[in-house]
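# What the coordinates show
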Amino acid sequence: MNNSVKTDDVIFNFFKQICDEKDDQKCVELGNNWIKAMETNLSNMESNLDEKDKIKHKEDIQNNRNHLNSLKGKNSSEWREYATKCMVEIMDNKV
């Protein structure tokens, strides 16, 4: 039996927490925490790339930054909708 925690499961559970949060302010805080965590991860990944790979992945990195920026300012309903879409996408891509 495989007891390892899968990244998709962690992400799914985080988005489920956003969807299940009844307090609108806490829901938005969870969403904003998601943005901060992903910005940190993106910066860490970028800093670990050599110059050749930074150039190769520059557009993807910028697209990810743009996506994160587009999430800023969402209200609780928008966060729940986004989280639901992400959960569906994770389930659709499960092997």
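Described in the following lines is the structure provided in the data block. (Residues numbered from 1 in each chain as written. Predicted model: local features only at pLDDT ≥ 70, side-chain atom pairs only at ≥ 80, totals over all residues. Heavy atoms only, no water.)

## Things to note about the overall build of the chain
Scanning the chain for helices and strands turns up 5 helices and 0 strands. Written out in order from the N terminus, the α and β elements of the chain read α-α-α-α-α. Taken along the three principal axes of its C-alpha coordinates, the chain extends 45 × 40 × 20 Å. The buried share of the chain, taken over its 95 residues, is 21%. Residue pairs at least 24 apart in sequence account for 67% of intrachain contacts in the chain once pairs closer than 6 positions are excluded. Total accessible area on the chain stands at roughly 7100 Å², and carbon and sulfur atoms take up 49% of it. Charged side chains in the chain number 15 positive and 18 negative. The centres of these two groups are separated by 1 Å. (Helix = DSSP H or I, 4+ residues; strand = E, 2+ residues; numbered from the N terminus. Buried < 20%, exposed > 50% of the residue type's maximum accessible area, 1.4 Å probe, protein only. Contact = heavy atoms within 4.5 Å. Areas by Shrake-Rupley, 256 points an atom, 1.4 Å probe, with all protein chains shown as cover. Lys, Arg positive; Asp, Glu negative; His and termini not counted. Charge placed at Lys NZ, Arg CZ, Asp CG, Glu CD.)

## Details of the packing of aromatic side chains
Scanning all chains against the criterion turns up 5 aromatic pairs. Taken together, a centroid distance of 5.7 Å and an interplanar angle of 90° make the contact between Trp79 and Tyr82 edge-to-face. One end of the pair is Trp79 and the other is Tyr82, both in helix 5 (residues 76-92) and 3 residues apart, which spans about a single turn. You'll find Trp79 and Tyr82 in the same group, each marked buried. (Phe/Tyr/Trp six-rings, centres within 6.5 Å; stacked < 30°, edge-to-face > 60°.)

## Details of the pattern of salt bridges
For the coordinates displayed, the defined rule picks out 6 salt bridges. For the salt bridge of Lys72 with Glu39, the shortest nitrogen-to-oxygen distance reads 2.9 Å. Here Lys72 is found in the loop between helix 4 (58-71) and helix 5, whereas its partner Glu39 is found in helix 2 (residues 24-47), with 33 residues between them in sequence. On the basis of relative accessibility, which here comes to 43%, the residue Lys72 falls in the partly exposed class. Glu39 gets classed as partly exposed once you look at its relative accessible area, which sits at 24%. (Salt bridge = Lys/Arg side-chain N within 4 Å of Asp/Glu carboxyl O.)

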